[in-house]
Each structure stands twice: as structure tokens, then as C-alpha cells.
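Secondary and tertiary structure notes
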Amino acid sequence: MKIFLIGFMGSGKTTLGRKLASRLGYEFIDLDHKLEQQVELSIAEYFQIFGEDAFRKLESEVLKKTLYPDNAIISTGGGLPCYFDNMDWMKANGKSVYIKLSPKTLADRLETGKEERPLLQDKHGDALVDFIEQKLGEREKFYSQANIIVDGLSLTAEKLEQVIAVS
Ligand code: S3P
């Protein structure tokens, strides 16, 4: 089974995905990392040089052209489900799981580690919460199309495994 983990930046897709893959004996694939390897640039550098539109096209291409093993946990960039037909593509090719968290919790988690996230680089405190509230508001309609929606607060790989098993 291919399981696509989706959700806002800071929702734990990569950390939980890696742990879940190891529990299940599945391969773990981080699409942001794949993209960085392909272009030999960090995402921040790619954004700076080529801009967001080019990034969105490339991340969609990486999603669709990656060769996935039968069993894989795939972590996706926070914006990926919201562009082109990416959400439909993931649902047609596997199961999608939305790890859902509130803007406040996301902001607390994102206050550190913003340097590598070009959309957040210049935002702090209340401005960061406002930005997340607005972006999440725009993105929720895509995220909520996921096959499974799971509360990301105190979520562990074990719990995630159980939720997926019964869905
Ligand atoms: C983005 C999320 C990032 C990365 C890029 C854009 C977004 O991935 O793809 O910085 O638009 O939300 P993470 O969700 O893994 O941080």
C-alpha cells in the first residue's frame, strides 16, 4: 500500500512518516528531499532562484514521476495537495492521510526551523499565527479530501498505524 501523508508545514509528516515506515517495514520517501536531490539545491534556494510557480510545477512532476515501491510511506510538502490535480492523483494511486493541527499549535512548532521554509522566513509571533490561519483556511478544502483525517495532537506512529489499519 502507498500512503501519502499530507498536512501543513510542521504537522509531523516527515517525523511520523519515517517512524511509521519503520514499524511497518515499508520504504519511506520524502518528496521534498527527492526534489532537492533532483535539482541539487535546497527548497529555499530553489524558491529564491526560480520562484514559487516553478517550484509548484516541479513538485507535481516529482510526485507523479517518482517510482514507488508497492509498500511505501510518502511524506509530501505542505502545499502539494493544493495545486494542479495532485490530490486526485494521490487518491488514485494510494491512500492519503491528513495530519490535522490548529494554527496555534502549528505556529508554536514552526517558530523554530523557519529558515528552510521560504514561505515562513520573515514571519514571527502574531504575524506567523495570522499567516498560518489564512493559508490553512485556503488549503483546508484540499486537505479535507484525504481518505483519512487524523488529529495530529499527541499523535504517535503507533496511533497512526492503528488509525490507518481500521480505515
Ligand atoms: C511548503 C511546505 C514545505 C516545502 C515548501 C513549501 C508549503 O514542505 O514543500 O517549503 O507550501 O507549505 P513541509 O510541509 O515538509 O515543510
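Residues numbered from 1 in each chain as written. Predicted model: local features only at pLDDT ≥ 70, side-chain atom pairs only at ≥ 80, totals over all residues. Heavy atoms only, no water.

Here we look at the site of the ligand
How we decide: When we say a residue is near a molecule or strand, we mean one of its heavy atoms is within 4 Å of it. Pairs of N or O atoms are called polar contacts if they sit within 3.5 Å, as long as, within protein, a hydrogen donor faces a hydrogen acceptor (for residues adjacent in sequence, only side-chain-to-side-chain pairs). Method for areas: the Shrake-Rupley scheme with a 1.4 Å probe, in which residue coverage is limited to the protein chains shown. Three categories are distinguished: nonpolar for Ala, Val, Leu, Ile, Met, Phe, Trp, Tyr, Cys and Pro, charged for Asp, Glu, Lys and Arg, and polar for the others, with Gly belonging to the last.
Within the structure, the ligand sits among 13 residues, and Lys13, Asp32, Arg56, Arg117 and Arg139 are positioned closest to it. The side chain of Arg56 places a nitrogen or oxygen atom 2.7 Å from an oxygen atom of the ligand. In this structure, an oxygen atom belonging to the ligand sits 2.8 Å away from a main-chain N or O atom of Gly78. Protein burial of the ligand: of its 380 Å² of free accessible surface, 94% is covered by the chains. Split into classes, the residues belonging to the shell around the ligand amount to five nonpolar, three polar and five charged.

What to know about the pairing of strand β3 (residues 72-75)
Working note: regular strand, side chains alternate between the two faces of the sheet. For clarity, the threshold we go by: When a residue's accessible area, from a 1.4 Å probe over protein chains only, is under 20% of the maximum for its type it is buried; when over 50% it is exposed; and in between it is partly exposed. Labels follow the DSSP assignment, with helices taken as runs of H or I lasting at least four residues and strands as runs of E lasting at least two, numbered in each case from the N terminus. A pair of strands is treated as paired once DSSP finds two or more bridges between them.
Of the two faces of β3, both are covered, the one formed by Ala72 and Ile74 as well as the one formed by Ile73 and Ser75. Examined bridge by bridge, strand β1 (residues 2-6) and β3 share four bridges and lie parallel to one another. Counterpart to Lys2 in the pairing with β3 is Ala72. For strand β2 (residues 27-30) and β3, the ladder comprises four bridges, and the chain directions are parallel. Looking across to β3, one finds that Phe28 is bridged to Ile73.

Some points on the packing of aromatic side chains
The cut-off we apply is this: When the centres of two rings from Phe, Tyr and Trp lie within 6.5 Å, Trp using its six-membered ring, the rings pair. Their planes under 30 degrees apart give stacked, over 60 give edge-to-face, and anything left gives tilted. Ring-over charges, as used throughout, are those where CZ of Arg or NZ of Lys falls within 6 Å of the ring centre and within 35 degrees of the ring normal.
Counted by the stated rule, this structure contains seven aromatic pairs. Between the aromatic rings of Tyr46 and Phe50, the centroid separation amounts to 4.6 Å while the plane-to-plane angle is 35 degrees, which identifies the pairing as tilted. Taken as a pair, Tyr46 and Phe50 lie in helix α3 (residues 43-50) at a separation of four residues, close to a single helical turn. Using a relative accessible area of 47% as the deciding quantity, one classes Phe50 as partly exposed. Within the aromatic cluster, the residues linked to one another by ring pairs are Tyr46, Phe47, Phe50 and Phe55. Its end group placed over the ring of Phe131, Lys123 keeps NZ or CZ at 4.5 Å from the ring centre.

Things to note about the side chain of Thr66
Spelled out, the test is: Should any heavy atoms of two residues lie within 4.5 Å, those residues are considered in contact.
One can find Thr66 in the loop between α4 (52-65) and β3. Among the polar contacts made by the side chain of Thr66, one reaches the main-chain carbonyl oxygen of Val62 at a distance of 2.7 Å. With residues up to four places along the chain from it excluded, the contact list for Thr66 reads Leu31 and Lys34.

Remarks on the nonpolar core
The criterion, for reference: Only buried residues count toward a nonpolar core. Its members are Ala, Val, Leu, Ile, Met, Phe, Trp, Tyr and Cys residues joined through side-chain atoms within 4.5 Å.
With 36 residues, the main nonpolar core has Phe8, Leu31, Leu63, Tyr68, Met90 and Ile132 as its most contacted residues. At the level of secondary structure, the elements contributing two or more residues to this core comprise β1, α2 (31-39), α3, α4, β3, α5 (86-93), α6 (103-110) and α7 (125-143). Broken down by element, the residue count for this core peaks at six residues, all from α7. The contact partners of Phe8, leaving out residues within four places of it in the chain, are Lys13, Leu106, Leu110, Ile132, Lys135, Leu136, Arg139 and Tyr143. In terms of nonpolar packing, the next biggest core, distinct from the first, is built from 14 residues, Leu5, Leu20, Ile99 and Leu160 among them.

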